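Given next are the chains, with one letter for each unit.
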Amino acid sequence: MNETESITDSMHGLEALNRFTSGRWLWNERQQLACRYVKFDHSTLLKVAASAVGSKACTHVLKISEGQYNKLFQLTIDDRRDIIAKLPNPNAGRPHFTTASEVATMDFLRNVLNLPVPRVYAWSSRAPENPLGAEYIIMEKQSGVVLNDLVDIERRLAATKFSKFGSLYYKDDLPDNSDSTSPLYLDSTGSEVRSKTFAIGPTNHRSFFDFGRGELDIERGPWSTVIGFMMAIAQREIATAKAGLRYPLMPEGLFSGPGQYQPSLSKKLPSLQNYLKVAPHVLPENKATHASVLWHGDLHAQNIFVDPADPSRIVELSTGSPLAHVRFLRRFGEGRFPTVDSMDLDEQRKAKALHRAQTLHNLYIVRCLQLNETVFQAIQDQNTLRHQVIVVPGLVLMDYQPLLNSLLRDVEKEWAHIIGAGRDGRSPGTPFPLQFSDEEIQQQEQGGELWAQGVELMNAFVDDTGCFKHWGGRVSDVDYEKSRRELDEGVKRFLDREARNDEERREWLKALLFVD
């Protein structure tokens, strides 16, 4: 049998292994599909996989999953073992660095921290130099991890504190990084640990690369202090604003339309520059969250692998980030569900999926409270002013600067508590570094009101059209025609309602970035 004949996809056929086949997009579909197309030699994948595990041949390949940034294939070897091949999409991050860091991180987690992470059999981060023509990781297929084990894994991750902020690599994969005298991390006992194998290098966090940021000349670490990391985020957003980059996915609010909030460079720069003056003083009070830890970049129900035989079993990978700045398992949706009998089958399916996600989140919080106090406190801190004021600057690409202005004014009100009293026991030990005139405050408040109005308008638009924010307009193949029709009809109703004349109609169409 020809080797390529054993590569199958149960739904689409051979060529579909290269393409994204797990859904469609309601806008920007051509670009979305292009950044998820991976060109590779199919027959070479079989040979590499078989050779990696010492077998003669690979008898079957099935695409089992594809997220935003990777494709996962299940490969059956001639001895009937199943292994996994992971190929990053072009949008996964920087060539070489992203794959190299992921492999080093998996090695560290498995062989240093003894965590249940898949074994890597073979990998290449240099697509032009390997016969496959793409970066790849060949790894073992692993069972899921129960929720209790996830919480225990996170407890152990939080107890391993690294000396710098960035991403983990093998030293050989980093240029000019041969220092083996400095400690790499502190273990759970607080002892310094050095390594001849691993090093912290530049971050691969997608917020430093997505939406055109990868072309910017910005600092990407590694950073020696958490303050340096926070300042770099603001500097990144300043460079992003100066470059005129715009967020291409579903916006938080309907801005830029006639009579609405108008985002601009002249509004973004002062907000970020003001934050830079305050940033060294507003880290969360809980110093345990200042540590550099390995963590999942965006842990939520949409990117957790669930074992169909036991939905309580999950698998997750980890990447590096300060604990004060990471995302934990997030809750999807709020409120009570309507009676199931009142829903059609599609609504019932979505409601049940949402209920499972919310139940998983609630169990996660309870187990963190019981087993992982550090992470539980970090989750609780996410509702505090200090946490919000270090997170929002990283969202200025998405036009969050009015909210940042409001938070900075709140910081001024809480300054004495944040800084502590000076020698006189009354006034703050350090003066508040910003001064807002009455005119500036008035302009900021007016901008905040318009911004909130745009958010409400966006929420009403989403409710009216049935459109949703996940993945910037991605829907299943089954839902595409219905969703496309609902979006088109919703846009027409919106324009009929909000546009008073042809000129405003044209302005709104220009402002609606998610309308092709």
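Criteria and cut-off values
Residues numbered from 1 in each chain as written. Predicted model: local features only at pLDDT ≥ 70, side-chain atom pairs only at ≥ 80, totals over all residues. Heavy atoms only, no water. Helix = DSSP H or I, 4+ residues; strand = E, 2+ residues; numbered from the N terminus. Salt bridge = Lys/Arg side-chain N within 4 Å of Asp/Glu carboxyl O. Buried < 20%, exposed > 50% of the residue type's maximum accessible area, 1.4 Å probe, protein only. Pairing = 2+ DSSP bridges. Expected span 1.5 Å × (residues − 1). Contact = heavy atoms within 4.5 Å. Core = buried A, V, L, I, M, F, W, Y, C linked by side-chain atoms within 4.5 Å. Polar contact = N/O pair within 3.5 Å; in protein donor to acceptor, adjacent residues only side chain to side chain.

Per an unreviewed UniProt entry, the recorded name for the protein chain is Protein kinase-like domain, and the organism is Penicillium roqueforti.

**Student:** Help me out: how do you make sense of unusual backbone geometry in this one?
**Tutor:** Most peptide bonds are trans, and most residues other than glycine sit at a negative phi. The amide bond that connects Gly 221 to the next residue, Pro 222, takes the cis arrangement and shows omega of 5°. Its identity is not glycine, yet Phe 211 carries a phi of approximately 60°, on the positive side. Relative to the elements of secondary structure, Phe 211 occurs in the loop between strand 12 (198-201) and helix 5 (226-242).

**Student:** Sorry if this is basic, but what is going on with the pattern of salt bridges here?
**Tutor:** Any two side chains of opposite charge can pair, so long as their charged atoms come close to each other. Scanning all chains against the criterion turns up 19 salt bridges. Ionic pairing is found between Glu 66 and Lys 63, a salt bridge with its closest N-O pair at 3.6 Å. Lys 63 matches Glu 66 in its accessibility class, with the two residues each being buried. Each of the salt bridges in this network shares a partner with another, and the network as a whole consists of Lys 63, Glu 66 and Lys 71.

**Student:** Sorry if this is basic, but what is going on with the pairing of strand 12 here?
**Tutor:** Within a regular strand, side chains alternate between the sheet's two faces. Burial of the side chains of strand 12 extends over both faces: Phe 198 and Ile 200 are buried on one face and Ala 199 and Gly 201 on the other. Of the pairings in the sheet, the one linking strand 9 (residues 167-170) to strand 12 comprises four bridges and is antiparallel in character. Each bridged residue has a counterpart across the sheet, and for Tyr 169 the counterpart in strand 12 is Ala 199.

**Student:** Is there a simple way to explain helix 12 (residues 438-465) in this structure?
**Tutor:** In an α-helix, one turn spans 3.6 residues, which is why side chains three or four residues apart end up on the same side. Compared with an ideal rise of 1.5 Å per residue, which puts 28 residues at 40 Å, helix 12 spans 41 Å between its outermost C-alpha atoms and is within 8% of the ideal. Looking at the packing, one finds that the buried side of helix 12 touches helix 10 (401-413), helix 13 (477-498) and helix 14 (502-511).

**Student:** Could you clarify how one ought to interpret the nonpolar core in this entry?
**Tutor:** The nonpolar side chains of soluble globular proteins are, as a tendency, buried together. Counting residues in each nonpolar core, the largest one holds 39 residues, and the members touching the most others are Met 230, Val 278, Val 389, Leu 404 and Val 411. Per-element tally for this core: the top contributor is helix 5, with seven residues. Grouped together as the second largest cluster of nonpolar side chains are 34 residues, Ile 84, Val 103, Leu 115 and Phe 162 included.

**Student:** How should I be thinking about the side chain of Ser 101 in this particular structure?
**Tutor:** Within the secondary structure, Ser 101 sits in helix 3 (residues 97-111). With a relative accessible area of 6%, Ser 101 lands in the buried category. Once residues lying within four places of it in the same chain are set aside, the contact partners of Ser 101 are Ser 167, Leu 168, Tyr 169 and Asn 204.

**Student:** Whenever I open this one, the pairing of strand 6 (residues 136-140) confuses me. Can you help?
**Tutor:** Most of strand 6 sits inside the fold, with five of its five residues counted as buried. Taken together, the four bridges between strand 5 (residues 120-124) and strand 6 define a ladder with antiparallel strand orientation. Its bridge partner being in strand 6, Val 120 is matched across the sheet by Met 139.

**Student:** It is not clear to me how the side chain of Arg 484 should be interpreted in this structure. Could you clarify?
**Tutor:** Here Arg 484 is to be found in helix 13. Take Arg 484: its relative accessible area is 18%, and that puts it in the buried class. A polar contact of 2.7 Å, which involves the side chain of Arg 484, links it to the side chain of Asp 488.

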